Structure formats: structure tokens, C-alpha cells
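# Structure assessment
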Amino acid sequence: MRLLLQQRPDGREAPRFVQLTLQPDLLGGWTLLRETGQTGGRSTLRRELFMDHAGALAALEQARDAQLKRGFQLMYAEGTSAPK
């Protein structure tokens, strides 16, 4: 599952983005990847490990909601159970 959130461009700088990716690992757990940065510039990638899908999905939804409150807009959602 993948979500891409982006701030509206203000004309002075390239917009900032947040990409949240949820993927299974080889040991039966789940990994939440959070990539943040400025479009066309540097980005930061953070990884969180979870033992179960429910915990990982809850963390993804919490991260998404926090970014929506900061003014980001959901630009793209991919995955069979992509949160609305």
C-alpha cells in the first residue's frame, strides 16, 4: 500500500511531499516506510517495523491524518485496502 501526500505549491519553493508505504517483510512482519522531502530535492527515509498488519495499518493511518492536519493533500493512493 502506498500513499502520496503533497503541500500546495506557493510559487516560491517546490512543494513538500510525504510518501507512506506499507509492505510485508520476509519474516511475517510489516514495514512502514516514511519518505519526506521537497519535490526535486533531498528526502529523508524512516522505517518502522511492526509485528502485525493491524498495528502497521493503524500507524499508517495516524501518520496520514497528522499530515492532513498540517495542510498536506492526498494525491495518490495505491493498494487493495488503501485507507480513505
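Residues numbered from 1 in each chain as written. Predicted model: local features only at pLDDT ≥ 70, side-chain atom pairs only at ≥ 80, totals over all residues. Heavy atoms only, no water.

### Quick notes on the overall build of the chain
Rule in force here: In this description a helix means any DSSP run of H or I spanning at least four residues, a strand means any run of E spanning at least two, and both kinds are numbered starting from the N terminus. Note on exposure labels: buried denotes an accessible area under 20% of the residue type's maximum, exposed denotes more than 50%, and partly exposed covers the range between, all computed with a 1.4 Å probe on protein chains only. Note on contacts: a residue pair qualifies if any of its non-hydrogen atoms lie within 4.5 Å across the two residues. Only the protein chains shown count as covering a residue, and every accessible area follows the Shrake-Rupley method with a 1.4 Å probe.
Each helix and strand in the chain was counted, giving one helix and five strands. Overall, the chain shows an N-to-C arrangement of helices and strands of β-β-β-β-α-β. By principal-axis analysis of the C-alpha atoms, the chain measures approximately 45 × 25 × 20 Å. For the chain, the proportion of its 84 residues judged to be buried stands at 32%. Partitioning the contacts of the chain with sequence separation of at least 6, the portion at a separation of at least 24 is 39%. Only carbon and sulfur atoms are counted for the fraction: they give 51% of the accessible area of the chain, which is about 5,800 Å².

### Topic: the sheet that holds strand 4 (residues 43-50)
Within a beta sheet, neighbouring strands are joined by backbone hydrogen bonds and run either parallel or antiparallel to one another. Selection rule: When DSSP finds two or more bridges between a pair of strands, those strands are recorded as paired. Orientation is described by lines fitted to C-alpha atoms, with helices fitted over the stretch in contact, and by angles between N-to-C directions that extend from 0 to 180 degrees.
One open sheet accounts for five strands, arranged 4-3-2-1-5; its pairing is antiparallel. Two strands close off the open sheet at either side, each with one partner strand: strand 4 and strand 5 (73-78). Put simply, the sheet's adjacent strands are angled 15° from each other on average, direction ignored. Here helix 1 (residues 53-69) sits on the sheet and contacts strand 1 (2-6), strand 2 (16-24), strand 3 (30-38), strand 4 and strand 5; the angle it forms with strand 2, its principal contact strand, is near 170°.

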